[in-house]
Amino acid sequence: MTTQDPRADDRYSRQTRFVGVGHEGQRRIGAGRVLVVGCGGLGTVLVNLLVRSGVGHITVVDRDIVEMSNLQRQLLFEEADARAGVPKAVAAAAAAARINSSVEVRPVVADVTPDNVEELVASADLVLDATDNLQTRYLLNDACVKLGIPWIYGGAVGSTGMSLTVIPGDTACLRCLSPTPPASGTTATCATVGVLASAVAIVSSIQWTEAIKLLVGDRDHLNRTMLYLDVWSNDFQQGEPLTPSPDCPCCGQRRFDFLESTATSSTTTLCGRNAVQVSPGRARTLDLGDLARRLDGVGVVSTTPFMLRLEAGGHELTVFADGRAIIKGTDDMALARSLYSRYVGD
Amino acid sequence: MSGIDVIYLDNAATSFPKPPEVAEAILEFLTHKAGNPGRSGHSLAVAADAVVAETRRSLASLLGVRDPSRLVFTLNGTAALNLAMYGLLRPGDRVVTTSMEHNSVARPLFALAERGVDVIWLPCAQDGSLDLEDLDRALRAAPTRLVAMTHASNVCGTILPIGAAAELAHRHGALLLVDAAQTAGVLPIDVTEQSIDLLAFPGHKGLLGPTGTGALYVAPGVHLTPMQQGGTGTHSELLSQPDELPFALEAGTVNTVGIAGLSAALRVLKATGIEAVRAREASLVERLLEGLQEIRGVTVHGPLDSAQRVAVVSVILHGWEPVDVGAALDSAFGIAVRPGLHCAPLAHRTLGTFPLGTVRLAPGYSTTDDEIDQALVALRELSLSAG
């Protein structure tokens, strides 16, 4: 489509003139199918760049809705999206359509789980990780290694960022580097230590560049190392090139523990009409008084010796000391899980 | 006994703990007998066949079934009920049922009504009881093919008069289907004496067996159209499904592993005696009801007389939503109950507890007095702290 349409030619001219892309590269980019998992800081920059560069078929998955606190770094969203509470995937697709009407952006408002990840990944040429948690990344790693689909890890927190390109069978996968993820709640998150927009933008720009190399078919220039940067301390590091570990449980022994695991971070069950119970995936004890202090100002909070009730954003959460919560006013499991992780924490 | 620190009051959903003999029998079956019953003459097939046949006979003797072949194994109570209703009813047939039914009766009938079956819903009283005059009136109104009713409510425990209902149904030329999900293994049932035409029940509740088991009794002279066709190990030369029971309604390999477990459960149950189970549960219910009446802000649904109910007690705690009570009992006291609608929205409408439902406390034979007392203490504490 790009070479036959003179306007399209003009549209991508600065990209096609670049020696690494060219007209054939641009044609391949136009035919490319990319899955973006997560549509927060990394995801919005990725979708923005993918759409502008003419990647033909983009699927973007996210379970959350746009909030004011996103606008500082999530480049596709505006105040109106946050006020209306639009799902991030939907808001991103709408913004993408305004930027480039000749590419297709399919929004999927969902949690990525062992049940849907293979279906999502299977139709993509490559997968871009823009999630905010390691559980999902291990799940993506399993699905991509199983199906032989490249994926590009990206993460940013505070002033730091990391990226890794995983080509199953060719480069190290996530489990080659660390066979098990660190326990949840032990790593810094953007909510606890903040994040600089520049760290997010740099990491996602590197991911986009790796994606374009893969789409045009230039594997020689792929980054085969773990990239680490700190924009505040002016620290940019690149490790040694990484090769697959023969002992890796995933790409070496082809065991897909995260895909087959029934233990996700939490489970949801419908309980009655318009209520969902979210149970934590591990035993935990919540200090309800402490949670009440943390939620002060978020909404209307009340506590009894047995539970804490939060009314916020049209939803009512009843949280119990064993970590479970009953979310009333919805029968949407993904929304319930999202509200749980936002207010109670994973 | 259970090995875990839970006070289990959800026996109406499934009984727990199972007698240890159940797990032992399953292990023994899988280790030594797990052939395909009736499919060959080798020792493992014969051993499996013997287990299935023995369990069928054991169930027959428990329920007053004279011909064990008229007991058809199913995956659960729901499958047995569906087999009965879809196997029997045709467009134009009339069915009389009650407003206390579980969705396993209500949903198939609702679907059949869309296919032209005429379904009459008899409203029950607010304590879940059925007025037999209402049934009589409904049966006089038009020729009726089937009366379908629960033996006891899974929401509030109310026992319905199935013996009298059978008499009325037969007087008006109708058959009686009984959903014995809450009563098989708990109340004495004799299909011959009580003239029950179709009796559907799971194996994993009062019968103390594993999930994946259940059965349908089909009285002599009642013909059901099979819902599925397939291998039976008999008459393999025929392409049509054999007519004789249980094979007509038992296509494919039955759940031999579960049936082996059920067999052991039935041995335990018979050694204990249904009367002893009934007496024990009645005593637990009396203890529970007495204690509940002493807690301010608790409303009990269903009859207060233990003779008129099984061990399924529904309560409302004022100022609390049932779903929150359930979570609080579990998280703060380790007590497992079932809050909500219990898959029986019609019954909750009858009790006036729709749509929030109730908190259901369902003790079982192995529940202790102390566990009932602990549940009462927990409810009293919750009642003092509005949800």
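Conventions and cut-offs
All residue numbers refer to positions counted from 1 along the written sequence of the respective chain. Lettering for chains starts from A, numbering for ligands starts from 1, and both go in the order in which the items are written. It should be noted that, the model being predicted, local features are given only for residues of pLDDT at least 70 and side-chain atom pairs only at 80 or more, the latter also being counted only at that level, while totals for whole chains, interfaces and linings use all residues. The side-chain figures draw on all heavy atoms in the structure; neither hydrogens nor water molecules are used. Counting from the N terminus, the helices are DSSP H or I runs at least four residues long and the strands are E runs at least two residues long. We take the radius of gyration over the C-alpha atoms and set the globule estimate at 2.2 Å times the residue count to the 0.38 power. We call two residues in contact when some of their heavy atoms are within 4.5 Å. Computed with a 1.4 Å probe, the accessible areas rest on the Shrake-Rupley method; for each residue, only the protein chains presented here act as cover. Positive charge is attributed to Lys and Arg, negative charge to Asp and Glu, and no charge count is given to His or to the chain ends. Charged side chains are reduced to one point each, which is NZ for Lys, CZ for Arg, CG for Asp and CD for Glu. Burial classification: accessible surface area is computed with a 1.4 Å probe over protein chains only, and a residue below 20% of its type maximum counts as buried, one above 50% as exposed, and the rest as partly exposed. Relevant arc is that of directions from the helix axis to the C-beta atoms, nothing else. For this analysis, a polar contact is any N or O atom pair within 3.5 Å, provided that within protein one partner can donate a hydrogen and the other can accept it, and provided that sequence-adjacent residues contribute only side-chain to side-chain pairs. Between any two strands, pairing holds if DSSP finds at least two bridges. Only C-alpha atoms enter the line fits that serve as axes; for helices the fit covers just the stretch in contact. Angles between N-to-C directions range over 0 to 180 degrees.

Peer 1: Pulling in residues and values, what's your account of the overall build of chain A?
Peer 2: Regarding its fold elements, chain A presents 14 helices and 14 strands. The C-alpha radius of gyration computed for chain A amounts to 21 Å, which stays within 12% of the reference 20 Å derived for 346 residues, consistent with globular compactness. For chain A, the C-alpha atoms occupy an extent of roughly 65 × 50 × 40 Å along the three principal directions. Taking all contacts inside chain A whose residues are at least 6 apart in sequence as the whole, residues at least 24 apart take part in 63%. Element-wise, carbon and sulfur atoms account for 51% of the exposed surface of chain A, whose accessible area totals about 15700 Å². If the 32 positive side-chain charges of chain A are averaged to one point and the 38 negative ones to another, these points end up 2 Å apart.

Peer 1: I'd like a description of helix H5 (residues 132-141) of chain B, backed by residues and values.
Peer 2: Every α-helical turn comprises 3.6 residues, leaving residues that sit three or four positions apart pointing alike. Residue and element names in this part refer to chain B. All buried positions along H5 are accounted for by Leu135, Asp136, Ala138 and Leu139. Axial view of H5: buried residues confined to an arc of 165°, hence all on one face. Facing away from the buried surface of H5 by more than 90 degrees, the exposed residues are Glu133, Arg137, Arg140 and Ala141. Against the buried residues of H5 lie strand S3 (94-98), strand S4 (118-122), strand S5 (146-150) and helix H6 (162-171). Here H5 starts with a cap whose side-chain oxygen sits 2.9 Å from the backbone nitrogen of Glu133, and that cap is Asp131.

Peer 1: Can you break down the sheet that holds strand S2 (residues 71-74) of chain B residue by residue, with the values?
Peer 2: Residues and elements named next belong to chain B. Reading across the sheet, the seven strands line up as S2-S8-S7-S6-S5-S3-S4 and stay open at both edges, with mixed pairing between neighbours. At either end of the open sheet lies a strand with only one pairing partner, and these are S2 and S4. Averaged over all pairs of adjacent strands, the angle between strand axes in this sheet comes to 15°, irrespective of strand direction. As defined by bridge partners, strand S7 (residues 198-202) adjoins strand S8 (residues 214-218) across five bridges and the pair is classed as antiparallel.

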